[in-house]
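Structural description and commentary
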Amino acid sequence: MGRSTRLLLLLRPYTPLFVANLVTTVVASVLDGVTFVLLIPFLRTLFGQEALPASGGSAVERLLAAVVGPVLGAGAPHAALRNVVLVLLGTLVLKNVLAYVAALTSVAIQENVVRDLRVRLFEHLQALSLGFFQRTRGGQLLARVINDTDQVKTAITAALASLLQNVSLIVVYVGILVGLSWRLTLVALVCAPLLVLIVRPMVGKVRRRSREQADQRGELTSLVSELVASIKLVRAYVAERFEADRFRTLADRYRKGVLRAQRYALLTSPVSEVFAGGVIVLIFAVGTRLALGQTAVLRPEVLIAFIAVALRLMSPVKSVANYPTAMAGALAAADRVFEVLDLTPEEGDRPGEVPARFERCIEYRGVTFSYNGQAPVLHGVDLEVRRGQVAAVVGPSGAGKTTLVDLLPRFYEPTGGTILVDGVPITRFTRSSLRSLMGIVSQETILLNDTVFANIAYGRSDFTLDQVQAAARAANADAFVSQLPEGYHTLLGERGTRLSGGERQRIAIARALLRDPPILILDEATSALDMESERLVQEAIDRLMAHRTTFVIAHRLATVQHADLIVVLADGRIVEHGTHAALYAASGLYRRLHDLQFRP
Ligand SMILES: Nc1ncnc2c1ncn2[C@@H]1O[C@H](COP(=O)(O)OP(=O)(O)OP(=O)(O)O)[C@@H](O)[C@H]1O
Ligand SMILES: [Mg+2]
């Protein structure tokens with residue numbers, strides 16, 4: 001499906017608005033033409049003639065006589081003149097009311113379409129794989145959802161307000177011109193194809209540059225959003241100059257690109273105006289000949305009206321000539337939007353998937369995994385954890401611990417092997433039901449710009465303050481939350497109170513506990529806590545782990561000594577597994593890591 005077709009399809013829900021826009025635009029254009037035609041009776045009355053010729057005259061004059069003839073033809077010249085003026089004013093007011101309604105409807109359509117597009121894009125983003133987000137710069141996505149959709153709006157406005165309106169104006173004006181003098185009109189129309197030929201190469205140049213510019217705009221957005229996120233790093237490494245230079249280079253490259261493209265884009269308007277001026281001169285030349293010759297076929301007032309309408313025709317012709325260059329940027333933006341919409345969504349529940357159930361055990365069978373086709377980070381992992389057990393995953397940094405547990409909620413799909421819950425491959429389950437079984441405290445704590453309450457109750461609106469408080473108490477967070485200025489209603493995050501690393505972790509633990517999930521995944525969940533807090537949180541977790549199945553990742557081996565099963569991961573392979581006592585006795589990697597921590 002072509003890009004333009006897709007853009008048009010976006011308009012479909014707004015067909016009634018679109019029709020209203022079309023009708024008001026066309027009627028307003030006709031009325032606009034009429035105000036110019038009224039010049040004829042005005043001039044005739046002024047020159048002491050009847051407002052309209054009694055017989056004969058151009059087609060336009062005959063039509064005018066049929067519609068407003070009786071009003072204009074009445075009585076004395078000054079009465080007729082007054083009537084002409086009144087009709088003129090009435091037409092002008094009506095035309096402008098309609099033009100206003102047309103503009104309003106076109107804005108309404110445009111904003112509706114952009115809203116729809118933004119929401120669709122946002123929803124689609126949520127359905128894309130985690131890999132996509134790791135490959136794509138956040139700022140580029142921001143630019144696509146905010147800037148590019150806004151540019152698409154230009155395409156729609158240009159198509160509606162501008163193209164539609166101007167084309168209908170041109171049709172009405174040309175109709176009037178033909179009605180006034182078909183000979184002169186022919187002279188003007190013969191030149192029209194020439195304009196298309198002149199403008200075309202400029203359009204091509206602008207089109208080629210537009211996509212580049214949209215991408216560069218995205219890069220600029222990225223740089224700003226990355227600066228905001230890493231401002232502390234910039235300060236710490238005194239990198240302000242460095243960042244500013246990087247930004248200036250990008251901003252400058254963008255400036256150059258825009259200038260280069262605008263050199264051609266801005267040319268279409270003057271070129272088409274000079275061209276139209278040439279045509280007017282031609283009309284003058286031919287027109288006066290027709291009006292002055294011995295066999296005068298054109299009366300002066302008709303020639304004046306003709307030239308007035310022809311001059312008026314200039315501006316819509318100019319706009320239409322500009323249309324392709326104005327559209328180039330919008331179409332490049334539309335491409336960027338559609339590119340994201342065309343990515344296959346990997347998330348979301350599929351037909352045929354069933355709700356997950358967990359009664360007995362979780363099994364990894366020969367699980368292999370690699371990120372985006374890079375070297376594997378997990379090799380043939382076999383693991384069985386029964387319901388109610390605590391499984392600890394330990395091992396050196398980069399061994400694949402986080403990756404291992406990320407596969408369980410299907411954040412990524414294994415490249416080989418299977419993960420089973422109660423003997424059923426987890427790919428048979430809907431992602432939503434599978435994830436509802438789990439409370440996950442990830443290695444980096446993510447808090448939202450929202451209240452403590454909303455952060456703990458995240459994503460659901462049916463939790464009461466009592467429930468949230470109970471979860472916070474279990475996570476050893478209640479004490480410090482109560483100390484905050486507005487307790488559970490204190491705003492956290494960028495525009496709110498900042499919490500310490502340990503406090504953040506406890507909020508995250510409370511969040512996981514609140515859902516009371518049968519499976520808990522704790523990835524370094526207590527790493528930012530001091531000994532005392534860790535002990536308190538550990539107690540709470542121990543209490544809660546009693547009837548839960550838990551995966552714990554911890555560098556501090558003291559916290560995993562009581563686990564039912566300890567898995568030692570190194571370079572993506574399970575090198576040892578067993579209880580603390582058994583592993584300690586085996587004197588392998590676990591023992592080495594353990595001794596490093598406990599022997600001074
Ligand atoms: N999104 C990713 N894309 C590509 N490679 C990744 C990605 N995440 C992790 N890796 C790589 O996979 C390997 C395992 O990473 P993982 O995060 O699972 O280690 P870990 O055992 O949790 O380490 P740590 O104890 O430091 O948290 C590392 O070599 C890492 O560089
Ligand atoms: Mg990790």
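Residues numbered from 1 in each chain as written. Chains lettered and ligands numbered in written order. Predicted model: local features only at pLDDT ≥ 70, side-chain atom pairs only at ≥ 80, totals over all residues. Heavy atoms only, no water.

Focus: the sheet that holds strand S7 (residues 519-523)
To be explicit about the condition: Two strands are counted as paired when DSSP detects at least two bridges linking them. Under the DSSP-based scheme used, a helix requires at least four consecutive residues in state H or I and a strand at least two consecutive residues in state E, with every element numbered from the N terminus. Axis definition: a line fitted to C-alpha atoms, limited for helices to the stretch in contact. Angles are taken between N-to-C directions and run from 0 to 180 degrees.
Spatially, the 6 strands line up as an open sheet ordered S6-S7-S8-S3-S9-S10, and their pairing is mixed. Each having just a single partner strand, strand S6 (438-441) and strand S10 (573-578) make up the two edges of the open sheet. Sheet twist, expressed as the mean angle between neighbouring strand axes with direction ignored, is 15°. Across 4 bridges, the pairing between strand S3 (residues 390-394) and strand S9 (residues 565-570) is parallel.

Looking at the side chain of asparagine 112
Applied cut-off: For this analysis, a polar contact is any N or O atom pair within 3.5 Å, provided that within protein one partner can donate a hydrogen and the other can accept it, and provided that sequence-adjacent residues contribute only side-chain to side-chain pairs. The contact definition used throughout considers only heavy atoms, calling two residues in contact when any of these lie within 4.5 Å.
With respect to the helices and strands, the residue asparagine 112 is situated in helix H5 (residues 77-126). Polar contacts involving the side chain of asparagine 112 include one to the side chain of arginine 115, which spans 3.1 Å. If we skip the residues at most four places from it in the chain, asparagine 112 touches Tyr14 and Leu17.

Digging into the coordination of the magnesium ion (ligand 2)
The condition is simple: Sodium, potassium and calcium take a 3.2 Å donor cutoff, other metals 2.8 Å, and in both cases only N, O and S atoms count; water is not among them, so sites may look incomplete. The cut-offs for exposure are 20% and 50% of the maximum accessible area for each residue type, with area from a 1.4 Å probe on protein chains only; residues under the lower value are buried, those over the upper are exposed, and the others partly exposed.
Within the protein, Thr402 (OG1) and Gln443 (OE1) serve as the donor atoms for the magnesium ion (ligand 2), at 1.9 to 2.3 Å. Of this pair, threonine 402 sits in helix H13 (residues 401-406) while glutamine 443 sits in the loop between S6 and helix H15 (452-456), and the two are 41 residues apart along the sequence. You can call threonine 402 partly exposed: its relative accessible area is 27%. Its relative accessible area of 39% is what places glutamine 443 among the partly exposed residues.

So, the packing of aromatic side chains
Within a pair of aromatic rings, the relevant descriptors are the distance that separates the centres and the angle that separates the planes. Condition: Each Phe, Tyr or Trp ring, with Trp reduced to its six-membered ring, pairs with another whose centre is within 6.5 Å; inter-plane angles below 30 degrees give stacked pairs, above 60 give edge-to-face pairs, and intermediate values give tilted ones.
One pass over the full model with this rule turns up 4 aromatic pairs. With a centroid separation of 5.3 Å and 80° between ring planes, the pair formed by phenylalanine 132 and phenylalanine 133 is classed as edge-to-face. Residue phenylalanine 132 is classed as buried on the basis of its relative accessible area of 9%. On the accessibility criterion, phenylalanine 133 (35% relative accessible area) is partly exposed. Here the aromatic rings of phenylalanine 369 and tyrosine 371 are separated by 4.9 Å at their centres, their planes lie at 85°, and the arrangement is edge-to-face. For phenylalanine 369, a relative accessible area of 3% gives the class buried.

Topic: the site of ligand 1
Quick note on the threshold: In these notes, residues near a molecule or strand are those with any non-hydrogen atom within 4 Å of it. Note on areas: these come from Shrake-Rupley sampling with a 1.4 Å probe, and a residue is covered only by the protein chains present in the view.
Surrounding ligand 1, one finds 13 residues, the nearest of these being Ser397, Lys401, Thr402, Thr403 and Gln443. Contact between ligand 1 and lysine 401: an oxygen atom at 2.7 Å from a side-chain N or O atom of the residue. The separation between an oxygen atom of ligand 1 and a polar side-chain atom of threonine 403 is 2.4 Å. Considered on its own, ligand 1 offers 630 Å² of accessible surface; in the complex 67% of this is hidden by protein. By residue number, the principal contributor to the shell around ligand 1 is H13, which donates 3 residues.

Topic: unusual backbone geometry
Despite not being glycine, arginine 410 has its phi angle at roughly 60°, a positive value. If you trace the backbone, arginine 410 turns up in the loop between H13 and strand S4 (416-421). Residue arginine 410 is classed as buried on the basis of its relative accessible area of 5%.

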